[in-house]
Amino acid sequence: PLAGIAGAAQLLSMGLRAEDRELTDLIVGEPQRIVKLLNQVEQFGNLQPPSKQAINIHDVLDRARRSALLGFGAHMTIIEDYDPSLPYALGDGDQLLQVVLNLLKNASEAADKKGTIRIKSYFEHSFKLRRSDGTGQSLPLQVEITDDGPGLPQDIKGDIFDPFVSGKENGTGLGLALVSKIISDHGGWISVDSVPGRTVFRISLPRAPKDLVPLEES
């Protein structure tokens, strides 16, 4: 139906004066935006459980960094600050790549022109997630993505991981909700600390058990 609406509007625009095409352009553009939203909703609903294995989180971060610099983040400076001794994480590499790409994309779009993003990894042995049922899990592997953009709007800062909450004009509010769901499905934790000039998204992940780690790394 949306394709039909857009197609009909394009045909109508052929016989209109330039000043009247603004309305048909709107009719063409809005269905395209609806399709984009529906695709994101479908992606959110069809997300499969993570296929967990031992992964080198730095491989994931490097893939995301290279992809960003070749596309949406070409105007940004991305700095690596990795802990080379970081052990293997337990997770789904493809899904975690999507998480990092989403965070890098948000940081890139927040910058007015050029900006800087820092990707940092480190080990924090004492970090544990305590659940409401009293159980807990150690999440020692930390990844921080920091940008120097304007920061999150104050009125949505506490709800930024909820679906349909967005600080961007015409944003769908599903990108960070998807990020939160993926990290939750990994048994991990994500948080954000944001003030003007500095926004930090922190991801905490479990360490891979020794029986999954490649022999040369175990």
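Just above, that's the structure.
Residues numbered from 1 in each chain as written. Predicted model: local features only at pLDDT ≥ 70, side-chain atom pairs only at ≥ 80, totals over all residues. Heavy atoms only, no water.

Engineer: Quick question: what am I supposed to make of the pairing of strand β9 (residues 198–205) here?
Structural biologist: Along any regular strand the residues' side chains alternate between the sheet's two faces. With 7 of 8 residues buried, β9 lies mostly within the body of the structure. In this structure, strand β7 (residues 141–147) lies alongside β9, joined through 7 bridges in antiparallel fashion. Within the sheet, the bridge partner assigned to V143 lies in β9 and is I203. Pairing of strand β8 (residues 189–195) with β9 involves 7 bridges; the strand directions are antiparallel. From the neighbouring strand, S191 faces β9, where its bridge partner is R202. (Buried < 20%, exposed > 50% of the residue type's maximum accessible area, 1.4 Å probe, protein only. Helix = DSSP H or I, 4+ residues; strand = E, 2+ residues; numbered from the N terminus. Pairing = 2+ DSSP bridges.)

Engineer: I'm lost on the pattern of salt bridges in this one. Help?
Structural biologist: When the charged atoms of two side chains lie near each other, side chains of opposite charge can form a pair. All told, the structure shown has 6 salt bridges when counted by the stated rule. Two residues, D62 and R65, come together in a salt bridge whose shortest N-O distance is 3.9 Å. Linking D62 with R65, this pair stays in helix α3 (residues 57–70), spanning 3 residues, or about one helical turn. Each member of the pair, D62 as well as R65, carries the same accessibility label: buried. For D94, the salt bridge goes to R63, with nearest N and O atoms at 4.0 Å. Linking D94 in helix α4 (residues 93–110) with R63 in helix α3, this pair joins segments that are 31 residues apart in sequence. Residue classification places D94 among the exposed positions, given a relative accessible area of 56%. A single salt-bridge network, built from bridges that share partners, covers D62, R65 and E80. (Salt bridge = Lys/Arg side-chain N within 4 Å of Asp/Glu carboxyl O.)

Engineer: I keep staring at α3 and nothing clicks. Help me out?
Structural biologist: Helical periodicity: at 3.6 residues per turn, an α-helix aligns residues three or four positions apart in one direction. Taking 1.5 Å as the rise per residue, α3 with 14 residues should run 20 Å; its terminal C-alpha atoms sit 20 Å apart, in good agreement. Those residues of α3 not exposed but buried are I57, H58, V60, L61, D62, A64, R65 and A68. The secondary structure elements touched by the buried residues of α3 are β1 (53–55), β2 (76–81), α4, β4 (115–123), β7 and β9. Put simply, N56 is the residue that caps the front of α3, since its side-chain oxygen is 2.9 Å from the backbone nitrogen of H58. (Expected span 1.5 Å × (residues − 1). Contact = heavy atoms within 4.5 Å. Polar contact = N/O pair within 3.5 Å; in protein donor to acceptor, adjacent residues only side chain to side chain.)

Engineer: Help me out: how do you make sense of the pairing of β7 in this one?
Structural biologist: Burial analysis of β7 places 7 of its 7 residues in the buried class, the great majority of the element. Side chains L141, V143, I145 and D147 project from β7 onto one buried face, and the interleaved Q142, E144 and T146 project onto a second face that is buried too. When β4 meets β7, the two strands line up antiparallel, connected through 7 bridges. Across the sheet, residue S121 finds its bridge partner in β7, namely V143.

Engineer: Looking at this structure, how should I read the nonpolar core?
Structural biologist: Among soluble globular proteins, nonpolar side chains are generally buried collectively. Within the largest apolar cluster, 37 residues are counted, with the highest numbers of intra-cluster contacts made by I57, L103, L104, I117, I190 and I203. When contributions to this core are tallied by element, the ones reaching two or more residues are α3, β2, α4, β4, β7, α5 (175–185) and β9. For this core, the leading source of residues is α4, giving 8 residues. In this view, L103 contacts I145, L176, V179, I190, F201 and I203; residues no more than four positions away in its chain are not counted. Grouped together as the second largest cluster of nonpolar side chains are 5 residues, A54, Y88, A208 and V213 included. (Core = buried A, V, L, I, M, F, W, Y, C linked by side-chain atoms within 4.5 Å.)

Engineer: It is not clear to me how the side chain of E144 should be interpreted in this structure. Could you clarify?
Structural biologist: Note on placement: E144 falls in strand β7. Buried charged residue E144 carries no salt bridge. Nearest counter-charge: R202, at 4.3 Å. Polar side-chain contacts of E144 include one of 2.8 Å to the side chain of Y122. The contacts of E144, once residues within four sequence positions are left out, are R118, I119, K120, Y122, V200, F201 and R202. (Lys, Arg positive; Asp, Glu negative; His and termini not counted.)

Engineer: What is the right way to read the packing of α3 against α4 from this model?
Structural biologist: For any two helices packed against each other, one specifies the crossing angle of their axes together with the interaxial distance. In contact at an axis separation of 9 Å, α3 and α4 are set at 45° when each is read in the N-to-C sense. On the basis of the axis angle, α3 is oblique to α4. Considering how the two elements wind past one another, α3 and α4 form a crossing that is right-handed. Contacts between α3 and α4 involve I57, V60, L61, R63, A64, R65, S67 and A68 from the former and G93, D94, L96, L97, V100, L101 and L104 from the latter. Looking at side-chain class alone, the contact of α3 with α4 contains 10 nonpolar, 2 polar and 3 charged residues. (Axes fitted to C-alpha atoms, helices over the stretch in contact; angles between N-to-C directions. Parallel < 35°, antiparallel > 145°, perpendicular 65-115°, else oblique. Left-handed = near helix turned anticlockwise from the far one by under 90°. Nonpolar A, V, L, I, M, F, W, Y, C, P; charged D, E, K, R; others polar.)

On their own, these measurements won't tell you what the molecule is for.
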